[in-house]
Structures are given as structure tokens and as C-alpha cells.
2 protein chains.
Amino acid sequence: MADKPRPKPGETREKLMEAALALVGKGRHFASLGIREVTRQAGVVPTSFYRHFRNMDDLGLQLVDELGLVLRRMMRDARSNVLQADKLIDESVGIFISHAQNNRSYFTFMAQGLAGESRAVQEGIRSEMRYFASELANDLRRLRVVEHLNDADLEMTCDLVVRSVAFSLTDVLGIAPDDDYQVDQVRKRTARFLQLIFVGAANWNR
Amino acid sequence: MADKPRPKPGETREKLMEAALALVGKGRHFASLGIREVTRQAGVVPTSFYRHFRNMDDLGLQLVDELGLVLRRMMRDARSNVLQADKLIDESVGIFISHAQNNRSYFTFMAQGLAGESRAVQEGIRSEMRYFASELANDLRRLRVVEHLNDADLEMTCDLVVRSVAFSLTDVLGIAPDDDYQVDQVRKRTARFLQLIFVGAANWNR
DNA sequence: TGCTCTTGTGTACAACTGTTCACATCTGTG
DNA sequence: CACAGATGTGAACAGTTGTACACAAGAGCA
């Protein structure tokens, strides 16, 4: 028997998730990944896969959970780093985009999952987006920048904001990571989207 | 591109494209389709595939072209059927959504392709969206509803509109085709998104 | 010490994959 | 008419796939 490096406890599970994410980051589509392919990338024997996941969809679902953590971290980061209220939009957008840059694989997975073939993954991601929108609504209420909007309209506004940002993040993913000029273009354009939306919200009286 | 002006309609070619689209409509993801799978669905022998496409990405690219036709038809439909200017948004959204309902497979393919693994398909779809946005800008200019916006701001506004509608169309795809209530919810919500954007545009003076 | 769980491994197999090749059929043009 | 080219077919290939099975090493516990 050849000596094995080390049989660590429960590390294989994470290796498999990272492997899938790595393949997605390399341009592959999650839906086209196979069990063998992932285990190969993880440096594990195919059979091990079944010790942790029932199938690929299962792995995808667990990735969605991890994605939730990433998003929450991003949100916390934005909340604690936005200093001036008048630069709220610019600074938040900057933070979101840099998170997308630093977690390309996760956000690529998110973008793929939105139209993915697993209904469960799809629903999971949409649920994360709804959560994000409702947290944003809370923040805006707290900052008293939208006092004239009723709850439903505020919720609608935040939903639109989140969708726009999400779409912009997929723009970033289509750009070479070091193409600072293009990334900056997306940043500016996204900020203007949000400004436009907030101008709309400020003048919203039905 | 237009490689078949003279020869008779290669029906196998279209059968293959329809087959791929049918599989996508059935919930499969385009990136996970195989050549054999598509030919089987088309009722054709695997070898025939190579008579018309070099590989799956090639087929995807040609589907993007067809998708362009669908989008153009949708646009023309909206232009000729919107009767009252004050109902422009509601009627347009209604038309877009019913087109999405009647061409579910195409729009599912579009949603998938936006984050797909073929950079070319991705770029093709984004290009269709840009075209759509620029046509919308023309229309708005013609209708004189945005006379105070400069070209760049108008273009930005239209881009945001197109993105929002596109996102909403993916919402529709996640709903059972006959769930009229939910579809109507999406319709109303999308219309409000656009109203919000246009209120923003109307009050946009930097 | 034994017993049972959990995790990881190696082997095996039938089914399926993409692609090639040689051959059949059809269609329009010289 | 014959012939060239486009289109479709079937058999064949080597490689990959998902999954089942039996087994080994360690952990926790009586």
C-alpha cells in the first residue's frame, strides 16, 4: 500500500465544494460538471463523493448556503465602511464590486444558478436576494432617507436596487479581473443606475 | 451567418436546433447538453450533427441569432400594439411577458446564456440587449417623453429598463405557465419598476 | 478488548460520450 | 446523361461516466 498524506477528518467535503467552485471559476458551468470531474479536481477517489453528497444538485444546494455567508459578509462590510451618507451609493457599489472581484467563483456560481437547472438552487439564490433586499430596506428606514415611502413601495425599490446590482456584478464577471478601466466603467454605471432609482423613489408619490 | 440563402431549408439543421431548445424548455441546462442527446431528441443519427455544426457552442451561437429574431418580433409587436401613450409601460410589459410565455424555451436559453460557459454566446446575448436598449432610446426620443435627457443619460436609462425587464422575464420562467395569478404579480411589479425608473428619469437633472 | 459508525479507498461494469470512417442517397448543374 | 457536392446513415473506436460493492483505517464507547 502506498502511503497516503493524511486522512484528515471531514476535510474531503470541503475539498469537494472548493473543487466544484474552482471549476466554475475556471469558466465551466456548474450544470455541466460531473461527479468524477469534481472528485478528480479535489484529488479524491470518486466514491468518496457519496459520503457527503447524494448528487450534484445536493452539492449545489450546500454551495448556496455558503454563498449566503459570503453575501452577509459583503453586506456587513458595506454597512461598517460607508462613512458619509452622501457617498452611500458610490461607496456601497465599490464595496460590492470588490467583493465580486475577490469571490469571483461564488458570484459566477450565483449568476449561473439564477437560471440553473436545479429549481432548488434557483429558489435558494432568489431567497438570498430577497433577504438582501429586506435588509437594505431596514437600513434605508434607519437612515431616514425614504420616509415618504410606504412599506410596499420601499420594498419594491430595494428589490429593483438589488436586481440592478446583481446584474452589474455579472457584468464584472465578464471582464478580465485586472481590466481596471472596464471595471471602473461598470462601477460608475451601476452607481448611476442606483442614483436614477433613488431620484425616482424621492419623487414617488402615487 | 446567413449561410443558407439559396439551398433548400436544411430541415435536419432546424430539427437539431429545435431539439436543443426543447430540452432547454424541459428544464435542462444548455451547457449540460451533449451532441448525442440532442440528435436523439431530434430523431437523427449522431453523425448528422457535424453536417451542420462544429460543436455545441456553434449550435448555441446560431440559437442566439434566432433569439435575435424573436426579440425583434417582440419589439415590433410592442411598437404596433401600444395604443395609448399613457399606458405605454403597462401595455409594453404585458406584451413582453406574453412573448416570454409563448417562447419559454428561447427566453430560458437567453437567461442561461447570460451566465453561460461560452463567452461568445454570452457576448451575443448582451449584444442583443444593447441593441434592444438603443431601439428603446430611439422610440423614447421619437415620442418626446424624455426631451430633457442628454444622449448618455437616456442610453443609461434604457439600459436599466432593459435589464429590469430581462430580469423580470426570468421571473416569469420560474413560474408554472398557467399560474395566472403569479404571472400577473410579476407583470404589476415590473410595471412599477419601470414607472419608478421613469419618475427618476423625469426628475433627472445633474 | 471488542463492537459499531463514519470516512476513505480500490475495483468493477454497463451505459453513455464525442468523433471518425466508409458508404448510401438525394439535388441541381454542366 | 453523368457527375459533384451536399446531406444522411450505420458501425466502430477509445475514453468517460455514474454508481455498486467489499474492504481498511480510525473514532467513540461499552
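Residues numbered from 1 in each chain as written. Chains lettered and ligands numbered in written order. Predicted model: local features only at pLDDT ≥ 70, side-chain atom pairs only at ≥ 80, totals over all residues. Heavy atoms only, no water.

This paragraph deals with the packing of helix H5 (residues 88-102) of chain B against helix H8 (residues 151-173) of chain B. All names here are of chain B. Remark: H5 packs on H8, axes separated minimally by 10 Å, with the N-to-C direction vectors making an angle of 45°. Taken together, H5 and H8 sit at an angle that is classed as oblique. Crossing of H5 against H8: the hand is right-handed. Counted together, Phe96, Ile97, Ala100 and Gln101 of H5 and Val165, Leu169, Val172 and Leu173 of H8 form the full contact between these two elements. Residue composition of the contact of H5 with H8, grouped by class: seven nonpolar, one polar and no charged. (Axes fitted to C-alpha atoms, helices over the stretch in contact; angles between N-to-C directions. Helix = DSSP H or I, 4+ residues; strand = E, 2+ residues; numbered from the N terminus. Parallel < 35°, antiparallel > 145°, perpendicular 65-115°, else oblique. Left-handed = near helix turned anticlockwise from the far one by under 90°. Contact = heavy atoms within 4.5 Å. Nonpolar A, V, L, I, M, F, W, Y, C, P; charged D, E, K, R; others polar.)

So, on to the protein's contact with DNA strand C. As a matter of local geometry, DNA strand C sits amid 15 residues, with A:Thr12, A:Arg51, A:His52, B:Arg36 and B:Arg40 nearest to it. In DNA strand C, atoms within 4 Å of the protein come from the sugar-phosphate backbone in 38% of cases. B:Arg40 places a polar side-chain atom, nitrogen or oxygen, 2.6 Å from a phosphate oxygen of DNA strand C. Within the side chain of B:Tyr50, one N or O atom sits 2.7 Å away from a phosphate oxygen of DNA strand C. Here the surface near DNA strand C gets three residues from one element, more than from any other, and that element is helix H2 (residues 35-42) of chain B. (Near = heavy atom within 4 Å. Polar contact = N/O pair within 3.5 Å; in protein donor to acceptor, adjacent residues only side chain to side chain.)

The periodicity of an α-helix, 3.6 residues per turn, causes residues three or four places apart in sequence to face the same way. Residues and elements named next belong to chain A. Taking 1.5 Å as the rise per residue, helix H4 (residues 88-102) with 15 residues should run 21 Å; its terminal C-alpha atoms sit 21 Å apart, in good agreement. Residues Ile89, Ser92, Val93, Gly94, Ile95, Phe96, Ile97, His99 and Ala100 constitute the buried set of H4. Next to the buried residues of H4 lie helix H3 (56-81), helix H5 (104-114), helix H6 (119-143), helix H7 (151-173) and helix H8 (180-202). (Expected span 1.5 Å × (residues − 1). Buried < 20%, exposed > 50% of the residue type's maximum accessible area, 1.4 Å probe, protein only.)

In terms of nonpolar packing, the biggest core is built from 140 residues, with A:Leu59, A:Phe107, B:Leu59 and B:Phe107 touching the most fellow members. Not counting residues up to four positions away in its chain, the partners in contact with A:Phe107 are A:Val70, A:Leu71, A:Met74, A:His99, A:Ala100, A:Leu169 and A:Leu173. (Core = buried A, V, L, I, M, F, W, Y, C linked by side-chain atoms within 4.5 Å.)

A few words on the domain arrangement of chain A. All names here are of chain A. We note that the domain assignment places domain 1 (7-53) and domain 2 (60-202) within chain A. Distance from the C-alpha centre of domain 1 to the C-alpha centre of domain 2: 28 Å. Taken together, the contact between domain 1 and domain 2 spans twelve residues of the former and ten residues of the latter. Of the roughly 990 Å² buried where domain 1 meets domain 2, counting both sides, 67% is carbon and sulfur surface. Summed over the shared surface of domain 1 and domain 2, the number is zero salt bridges. At the surface where domain 1 touches domain 2, the tally comes to three residue pairs in polar contact (both at pLDDT 80 or more). Partitioned by chemical class, the residues of the side of domain 1 that touches domain 2 number seven nonpolar, three polar and two charged. (Domains from an automatic or database assignment. Buried area = accessible area lost by both parts, 1.4 Å probe. Salt bridge = Lys/Arg side-chain N within 4 Å of Asp/Glu carboxyl O.)

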